[in-house]
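Observations on the three-dimensional arrangement
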Amino acid sequence: MANTASSSPDSGVATDTVAESWRVRDRRAVSGAYSRYTDLVIQDGEGSFLIDVEGRRYLDFGCGIAVTALGYRHPDVTRAIHQQVDGYWHTSVVTQHVRLTEAAEKVASICPDPLDQVFFANSGAEVVEGALKLARQATHRPGIVAFTGGFHGRTFGALSVTTSKVHYREHYSPLLPGVYTTPYPYCFRNCGHGPDEPCPVAMGAELEKLFKHVVPADEVAAILVEPIQGEGGYIVPPPGFLATLRQICDRHGIVLIFDEVQTGVGHTGRWLASDHEGVVPDVVTLAKALGSGLPIGAIVARHDLMNKWPAGTHGSTFGGNAIACAAAIATIEVIQRDGLLQRATEIGDKIVSRAHAWQQQVGGPADVRGRGAMVGLEFMDSAGLPDAERVDAIRAACLQSGLLVLGCGIDDNVIRLIPPLTLSDSEVEQGLQILEQAVLQGGTSA
Ligand SMILES: Cc1ncc(COP(=O)(O)O)c(C=O)c1O
């Protein structure tokens, strides 16, 4: 039973519940530019659950958008943060500091050879910005190639390479010049080839056209790509796509950047999603899960490339903050110690096999895809069009039953499942039962 409150704490406005009183305060004090997935008002988190101001518990299959891979308040990460709080917090670029050096070693250790040096910042957008600046410095070329449907962040540079939704871009022009957008191999929706035929987009046909008609390859500093598109719809490209990009970049001296801000640090069952393809980029960007919720992002590159980034041409006051570094070190150690990459695969396999069964039922997802515990369910209506309403209805039904799931996709018609890797078997089952009921009983339009 919800607690009730007769007025919001500081406004005197009559409200029905504690949660509503907080919503009123929030609407007054907090910018409306935040677009929130739910109207939950959270005041605690524990393990796989978020707990709202009225004590309701929500099993979280969204991890604050791919961040809390170890759940809430993981004891080892909490301990590491406490220890660091009792030491120093911040030195910035005024000094070298030990936690940053340790964190850099740790982050490099989860990236494939020869990626061995790290620059820390505070968010995904910042590390994308930094990676693009590094590529321009290293090549002295202006061009940047990104993929339609990609999401790389909200700052001006990151926004300039973000095309998942025009809404993010409208009224912000002029954006960064020198950015070229080319199709991503989103075979389920766009490519038009048969299921067993090779995908021309994945084989580089569109990039060849771009270099022939729009921008010469030797004017391109970087190709920036998500190895699995995140906000764009949890789209797994066909095998060979990343290897093709690697070949094209090698041929033309272009810096290949994998944006693994959403896919990196374990959710896919490997440290990097690109590890599944065995393709090594020149630069990788990490953020989200790296700090278990503390703000930290990393640009990882070979030292010979980093050496082309002159001292002082990039920087950050807070990047590599000692407490965030302590959280990142502990996060990586817990994933290693507890075999959570393997666990990501187990959780993902359970989700996918269940979701494949839903595909056989009326109202089931039209496509099920993903890697490890990063799974997308795409819904289409009976006319074969993207069905965002269905996704909204499923998410609402899940929430009603205590399961938090997020949506994504260029048409908002994909359920994205990215649960904590610390889920117990019974929590996986609990979540799947709620989702199953929402998917199968809520089927109206398919
Ligand atoms: C692939 C990718 N890159 C960059 C970003 C931006 O990260 P942030 O919101 O931390 O700036 C995101 C966020 O969703 C992302 O998914």
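Residue numbers run consecutively from 1 along every chain, following the written order of its sequence. Note on the predicted model: pLDDT of at least 70 is required for a residue's local features to be given, and 80 or more for side-chain atom pairs to be given and counted; whole-chain, interface and lining totals, by contrast, use all residues.

Considering the overall build of the protein
- Every helix listed is a DSSP run of H or I at least four residues long, and every strand listed is a run of E at least two residues long, numbered separately from the N terminus. A tally of helices and strands in the protein yields 14 helices and 15 strands.
- Here the globule rule reads 2.2 Å times residues to the power 0.38, and the radius of gyration is calculated from C-alpha atoms. Taken over the C-alpha trace, the protein has a radius of gyration of 22 Å; the compact-globule value for 446 residues is 22 Å, and the two agree within 12%.
- Principal-axis analysis of the C-alpha atoms places the extent of the protein at approximately 65 × 60 × 45 Å.
- The exposure scheme places C-beta atoms from the backbone and then counts, for each residue, the other C-beta atoms within 10 Å of its own, assigning buried at 20 or more, exposed at 12 or fewer, and partly exposed in between. Taking all 446 residues of the protein together, the buried fraction comes to 50%.

Brief notes about the nonpolar core
- Among the nonpolar cores identified, the biggest contains 129 residues, and Ala222 and Val300 are the most heavily contacted of them.
- The leading source of residues in this core is helix H11 (residues 322-337), at eleven residues.
- Any two residues are considered in contact once their C-beta atoms, placed from the backbone, lie within 7 Å. Look past the residues within four positions of Ala222 in its chain and what remains in contact with it is Leu132, Ala135, Ile144, Ile254, Val255 and Ile257. Only buried Ala, Val, Leu, Ile, Met, Phe, Trp, Tyr and Cys residues enter a nonpolar core, and they are joined through C-beta atoms within 7 Å.

Re the domain arrangement of the protein
- As assigned here, the protein comprises domain 1 (35-66 + 340-441) and domain 2 (75-337).
- The C-alpha centroid of domain 2 is placed 25 Å from the C-alpha centroid of domain 1.
- Taken together, the contact pairs 25 residues of domain 1 with 24 residues of domain 2.
- Put simply, the parts of the chain that give the side of domain 1 that touches domain 2 at least two residues each are helix H2 (63-66), helix H12 (340-359), strand S11 (367-371), strand S12 (374-378) and strand S15 (414-417). Residue ranges assigned to each domain were obtained from an automatic or database domain assignment.

Here we look at unusual backbone geometry
- A cis amide bond links Asp113 with the next residue in sequence, Pro114, at an omega value of 5°.
- With respect to the secondary-structure elements, Pro114 resides in the loop between helix H4 (98-109) and strand S4 (117-121).
- A cis amide bond links Ser173 with the next residue in sequence, Pro174, at an omega value of 0°.
- When you line up the elements, Pro174 lands in the loop between helix H6 (156-160) and strand S6 (179-182).
- Look at Tyr234: it is not a glycine, yet its phi comes out positive at around 50°.

Thoughts on the site of the ligand
- Each residue receives a C-beta atom placed from its backbone. It is near a molecule or strand if this atom lies within 6 Å of it. By nearness alone, 15 residues border the ligand, and Gly124, Ala125, Gly153, Val261 and Gln262 come closest of all.
- With three residues, helix H5 (residues 124-139) is the single largest residue contributor to the shell around the ligand.
- Of the residues that constitute the shell around the ligand, the class distribution is six nonpolar, six polar and three charged. Classes in brief: Ala, Val, Leu, Ile, Met, Phe, Trp, Tyr, Cys and Pro nonpolar; Asp, Glu, Lys and Arg charged; the others, Gly included, polar.

With respect to the sheet that holds strand S3 (residues 57-60)
- Should DSSP find at least two bridges between two strands, the strands are regarded as paired. The sheet built from four strands is open, its strands ordered S1-S2-S3-S13 with mixed pairing. With one partner strand each, in any of the chains shown, strand S1 (42-46) and strand S13 (403-404) form the two edges of the open sheet.
- Pairing of S1 with strand S2 (residues 49-52), which is carried by four bridges, proceeds in the antiparallel orientation. Residue pairing across strands places Ile42 opposite Asp52, the latter belonging to S2.

Quick word on the packing of H12 against helix H14 (residues 425-441)
- Fitted lines through C-alpha atoms give the axes, limited to the stretch in contact for helices. The angle between two N-to-C directions lies from 0 to 180 degrees. Interaxial distance between H12 and H14 falls to 11 Å at its minimum, and their mutual angle equals 20°. In terms of their interaxial angle, H12 and H14 are classed as roughly parallel. Read as a crossing pair, H12 and H14 show a hand that is right-handed. Judged by residue contacts, Ile347, Lys350, Ile351, Arg354 and Trp358 of H12 engage Val428, Leu432, Glu436, Val439 and Leu440 from H14. Each angle receives one of four descriptions, namely roughly parallel if under 35 degrees, roughly antiparallel if over 145, roughly perpendicular if within 65 to 115, and oblique otherwise. By definition, any crossing whose near helix is turned counterclockwise from its far helix by less than a right angle is left-handed, and any crossing with a clockwise turn is right-handed.

What to know about the sheet that holds S4
- Reading across from one edge, S4-S10-S9-S8-S7-S5-S6 is the order of the seven strands in this open sheet, with mixed pairing throughout. The two strands at the open ends of the sheet, each matched to only one other strand, are S4 and S6. Averaged over all pairs of adjacent strands, the angle between strand axes in this sheet comes to 20°, irrespective of strand direction.
- The pairing of strand S8 (residues 255-259) with strand S9 (residues 283-286) spans three bridges and is parallel. Paired with Phe258 across the bridge in S9 is Val284.
- Taken strand by strand, H4 contacts S4, S9 and strand S10 (297-301), and its axis lies near 120° from that of S4.

Quick look at the environment of Glu226
- Position of Glu226 among the secondary structure elements: in the loop between strand S7 (220-225) and helix H9 (241-252).
- Separated by 48 residues in sequence, Glu226 and Ser274 have C-alpha atoms that sit 9.0 Å apart.
- The contacts of Glu226, once residues within four sequence positions are left out, are Gly150, Asp259 and Thr263.

Quick look at H9
- Between the first and last residue of a helix there are one fewer steps than residues, each counted as 1.5 Å, and that sum is the expected span. Between its first and last C-alpha, H9 extends 17 Å over twelve residues, near the 16 Å set by a 1.5 Å rise per residue.
- Restricting attention to buried positions, one finds in H9 the residues Phe241, Leu242, Thr244, Leu245 and Cys249. Here the buried residues of H9 occupy an arc of 155° about the axis, which is enough to place them on one side. Projecting away from the buried face of H9 at angles above 90 degrees are the exposed residues Asp250 and Arg251.
- Residues of H9 that are buried make contact with S7 and S8.
- Positive phi appears at Gly253, one or two residues downstream of H9, with a value of about 65°. The arc refers to the directions leading from the helix axis to the C-beta atoms.

Comments concerning the confidence of the model for the protein
- As a per-residue quantity, pLDDT reports the predictor's confidence and falls between 0 and 100. In the predicted model, the protein carries a mean pLDDT of 95, and the fraction of residues at 70 or more is 96%.
- In this model residues 1-14 is a low-confidence stretch, pLDDT under 50, and it forms 27 contacts with partners more than four residues away in sequence or in other chains.

Examining the packing of helix H13 (residues 388-400) against H14
- Interaxial distance between H13 and H14 falls to 9 Å at its minimum, and their mutual angle equals 140°. Judged by the angle between their axes, H13 and H14 are oblique. Note that H13 runs across H14; the crossing there is right-handed. The residues of H14 that touch H13, namely those facing Ile394, Ala397 and Cys398, are Ile434, Leu435, Ala438 and Val439.

Things to note about H14
- Taking 1.5 Å per residue as the helical rise, H14 with its 17 residues ought to reach 24 Å, and the 24 Å between its terminal C-alpha atoms agrees with that figure.
- On the buried face of H14, the contacting elements are S3, H12, H13 and S13.

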